[in-house]
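These are the residues of each chain, in order.
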Amino acid sequence: MYSNIEEMNALIKNCIKCNLSLKRKNAVCGNGPKNPKIMIIGEAPGKTEDENGIPFSGRSGVLLRKVMEESGIDSKDVYITNSVRCRPHNNQKPKKANLIACSAYLKFEVEFLKPNIIVPLGNSSLGALSYISGIRFDPITKAIGQKISWNQMIIIPQFHPAAILRDMKRLKVFEGVFRKIANKN
Ligand code: URA
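Bear in mind that the values here come from a model prediction, so they are computed numbers and not experimental data.

Things to note about the site of the ligand
- Taken together, G42, E43, A44, E49, P55, F56, N82 and H160 make up all the residues around the ligand.
- A distance of 2.9 Å separates an oxygen atom of the ligand from a polar atom in the backbone of F56.
- Here H160 contributes a side-chain N or O atom positioned 2.8 Å from an oxygen atom of the ligand.
- Here the ligand, which alone exposes 230 Å², has 93% of that area covered by the protein.

Pasting the structure below:
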């Protein structure tokens, strides 16, 4: 087992709990401060992240960081992690078995880092959070912007930035939710 994030990340780097480990170049660990106000939970690494091992370092990450910064959120307060740590083949959605296999890492991060606000991006991360918390969330399109209390933390679901890149009409809502998050931390 592990008793801190560094020990956990060393295990993640060599993890073989599920089939996603077979084709990865890099397992992608969470990244950010030890006392984050905000924890962002993405879905899974994409091609860029698989290559460099840094979460949200591709196109989705550029949009995510830009909108957070414009909302007044300081990146020093933000820990960024993922529901699964290895890239699914052909950028498919992670399967439930992958989310479950990886869930202990997410659970440890949440319990160890105790952020004030947790922001799951999209349905996969809502599913992963549901698995570790026991909370039944609405589907993401309905859950967006809701405030859900859990163990002294607030969960505020948000669109995945890839959904904004697919349909820019959602940008205004995405920005609005981050402004709401900025006012709460
Ligand atoms: N999309 C995610 O959900 N996570 C990443 O790290 C990159 C893209």
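A short note on the sheet that holds strand β3 (residues 117–120)
- Read across the open sheet, the 5 strands follow the order β2-β1-β3-β5-β4; overall the sheet is mixed. Edge positions in the sheet fall to β2 (78–82) and β4 (148–150), since each has one partner strand and no second. Within the sheet, the average angular offset between the axes of one strand and its neighbour, ignoring direction, is 25°.
- Bridge count for strand β1 (residues 38–42) against β3 is 4 bridges, and the pairing is parallel. Across the sheet, the residue bridging to M39 is I118, located in β3.
- Across the sheet, helix α3 (residues 59–70) is in contact with β1 and β2; its angle to β2 comes to roughly 155°.
- The sheet strands contacting helix α5 (residues 122–133) are β1, β3, β4 and β5 (153–155), and the helix crosses β3 at an angle near 130°.

A word on the pattern of salt bridges
- Here the structure, examined in full by the defined rule, presents 12 salt bridges.
- Between E51 and K25 there is a salt bridge whose closest N-O contact spans 3.2 Å. Remark: K25 occurs in the loop between α1 (5–13) and β1 and E51 occurs in helix α2 (residues 47–52); sequence separation between them is 26 residues.
- Residue class for E51 comes out partly exposed when judged on its relative accessible area of 42%.
- Close ionic contact of E175 with K172 constitutes a salt bridge, the shortest N to O distance being 3.9 Å. Taken together, the residues E175 and K172, both in helix α8 (residues 171–184) and 3 residues apart, mark about one turn of the helix.

Procedures and definitions
Residues numbered from 1 in each chain as written. Predicted model: local features only at pLDDT ≥ 70, side-chain atom pairs only at ≥ 80, totals over all residues. Heavy atoms only, no water. Near = heavy atom within 4 Å. Polar contact = N/O pair within 3.5 Å; in protein donor to acceptor, adjacent residues only side chain to side chain. Areas by Shrake-Rupley, 256 points an atom, 1.4 Å probe, with all protein chains shown as cover. Pairing = 2+ DSSP bridges. Helix = DSSP H or I, 4+ residues; strand = E, 2+ residues; numbered from the N terminus. Axes fitted to C-alpha atoms, helices over the stretch in contact; angles between N-to-C directions. Contact = heavy atoms within 4.5 Å. Salt bridge = Lys/Arg side-chain N within 4 Å of Asp/Glu carboxyl O. Buried < 20%, exposed > 50% of the residue type's maximum accessible area, 1.4 Å probe, protein only.

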